[in-house]
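Each chain, letter by letter, is given below.
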Amino acid sequence: MLKDLFYYIIYPGFLFVAVSGGILAWFDRKITAWLQFRKGPPFLQPFYDFFKLLLVKETILPAKGSKITFLLAPVFSLTGALLAGLLILLPVLNIKSGFSGDIIVIFYLLTIPSLTYIIGALASGNPLAAVGASREMKLIVSYELTFLLIIAAIILKANMSIKLNEILLVQEDSPFIGSISGVLLFIVAVFTVQAKLGLVPFDMAEAETEITHGFFIEYSGTPYAFIKLAKYSMLFILPVFLCSLFLGGLQFNGLNILWSVLKLLGIVLLLTLIRNTNPRVRIDQAMRFFFVWMNLLVIIAIVLILFGL
Amino acid sequence: MGFKEFCFKKSLWLFHFGGASCNNCDIEILDCLTPRYDVERFGMLLVGSIRHADVLLVNGSINQKDKKRLLEIYHQAPKPILVVAIGACGCTGGIFAEGNTFAGPVDKIIPVDAYIPGCPPKPEAILAGIVKLLNKKPEQHKSA
Ligand code: SF4
C-alpha cells in the first residue's frame, strides 16, 4: 500500500514526471535560444515560472462564464496527463507490468489535456478563447485518427499484443525503428506528437500573435500554473511514449541511464528543431497534412508490416 | 527576500502597451528581445495576454482615448503588477505634453514603479531600468 503511494506520488508518478517535464521544458527553451544565437533562460526557469504563477499571482475568474468549469478544467488536464504518465512509466521502468489493453487506455488519457483545454476555454466566455478552442477541436479531429492508426500499426508489429509491456518485450533486441515501416511510422509519430504538444507548426490554437494565447487567454494565477504543469508533463510523457513504441523503451540501471536520457533528449531536440524551423500553418493546411499525407504514410507502413518489412 | 519574492523576480512576464507612440519606443522594446540584448536571460518573456503579465510596459503619450484603455488593461491585470513607463512620452509627455488630446503622463493615471527616460531610450537603458526594478526592495513597490 505504502509502496503504491510512493509509486503514484513520488517515483515514477507525480513528482518525477513534473520535475523531468520542467527540465525538458528548460532544454527546449535553451535550444531555441541557442538556435537564435541567444543565451537563453537559467536552468530553473520553468520552476520559477510555475511557483510564481502558483504562489504569487492573483487568480481572476471570468465575470461572464462558468466559473466552476473554468477552474476545474486545468485540474482535469493535469490529472489526465499524470495518469497517462503513470500508466506509461510503470511498464517502461519495469516496476509493474500493467494490464492487458493499457495502450488503449493510454491513448484516451493522452487526449484528456487537449479536451479539457477546450472545455476551459469555452467556459471562459472570451471570443478569442472560443476561436482557439474551435481550432484545437479541428486539430484533434485531424491528428487523432493518425495517432490511432500508428498505435494500430504498432500493435500489428508486436504480434497483436495490446499490452505496453509486451510491446516492449518484442523490441528487446531489435527496436521497431530498425525497419522501413518503423522509420515511416516514427516520422509520422513525431509530427503527431508535435501537434499534440501544440508546438509551432501546429500551434494555431495558441497563436500568440493573432489570437493572443488562444484558449489560455483568460487564465491567470493558480489555474494557469496547473496548465503549465500539465504542459511540462506532456513534454516528458509523449517523448517517453515514443521511446517505448519505437526505440525499445528506457532502462534506468547502470550505464543504460545515459543511453535512455540521450534517447529522450534526442526526441525533444527533434521536436524543438521542427518547432524552430517552421512557420505556423493554417488549420486547413494542418488538416490536409494529417488527413492526406500522414495517413497515407501510415497506411503504406501498415502494408509494409503485412509484408513483413 | 522570501521564496515567493525570489520566484516573482526571476520570472517577470512583460506585456507591452503602446499608447499614441511615434513607434520608436516600441521598436527599442522589441530590440531587448533580440539576440544582442536577450532579456530571456533574466527569465523575461513577452506575453500576449494581460492575464499572464507581471510587468506592464507603457510607452508613448497617453491621450484621452488611450487613458480609458490603459485603465481597463490595468484593472484586468492580475495583481501584483509592476508598471514601467518607457520613454520621455511615458514619463512626462515629452514633445506631446502640450497637445490638446494629451491626458497626462502615465503616473497621473496609474501607479508607476520605474521610469526609463530617453527619446527613445536605448535598449541598454531599458535593461538598466529593468535591473533597477529587480533590485528594488519589495516594500518600495507602490501598493499595486
Ligand atoms: S519617447 Fe520619443 S521615441 Fe518614444 S514614443 Fe515618445 S517621441 Fe517616440
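Our subject is the structure that appears above.
Described below are features of the structure shown in this document. As the structure is a prediction and not an experimental result, all values here were calculated from the model.

About the thresholds
- Residues numbered from 1 in each chain as written.
- Chains lettered and ligands numbered in written order.
- Predicted model: local features only at pLDDT ≥ 70, side-chain atom pairs only at ≥ 80, totals over all residues.
- Heavy atoms only, no water.
- Pairing = 2+ DSSP bridges.
- Helix = DSSP H or I, 4+ residues; strand = E, 2+ residues; numbered from the N terminus.
- Phe/Tyr/Trp six-rings, centres within 6.5 Å; stacked < 30°, edge-to-face > 60°.
- Buried < 20%, exposed > 50% of the residue type's maximum accessible area, 1.4 Å probe, protein only.
- Core = buried A, V, L, I, M, F, W, Y, C linked by side-chain atoms within 4.5 Å.
- Contact = heavy atoms within 4.5 Å.

Residue and element names in this part refer to chain B. Taken in spatial order, the five strands of this open sheet run β2-β1-β3-β4-β5, and their pairing is parallel. Only two strands of the sheet have a single neighbouring strand rather than two, namely β2 (45-46) and β5 (114-116). The pairing of strand β1 (residues 13-18) with β2 spans two bridges and is parallel. Paired with Leu 14 across the strands is Leu 46, a residue of β2.

Moving on, we get to the packing of aromatic side chains. In total, this model carries 20 aromatic pairs over all chains according to the counting rule given. Between Phe 289 of chain A and Phe 290 of chain A the ring centres are 5.4 Å apart and the planes differ by 80°, which places this aromatic pair in the edge-to-face class. With a relative accessible area of 23%, Phe 289 of chain A lands in the partly exposed category. For Phe 290 of chain A, a relative accessible area of 0% gives the class buried. An aromatic cluster is defined as three or more aromatic residues linked by ring pairs; in this entry it consists of Tyr 117, Phe 215, Phe 216 and Tyr 224 of chain A together with Trp 13 of chain B.

With that settled, the discussion passes to the nonpolar core. Of all hydrophobic cores here, the largest spans 115 residues; its most connected members are Leu 110, Phe 241 and Phe 246 of chain A together with Leu 56 and Leu 70 of chain B. The dominant element in this core, judged by the number of residues it contributes, is helix α10 (residues 221-246) of chain A, at 17 residues. Setting aside its immediate chain neighbours within four residues, Phe 246 of chain A contacts Ile 150, Ile 154, Gln 171, Pro 175, Phe 176, Ile 177, Gly 182, Leu 185, Phe 186 and Ala 189 of chain A. By size, the runner-up hydrophobic cluster in this structure holds 22 residues, among which are Leu 12, Cys 25, Tyr 37 and Ile 126 of chain B.

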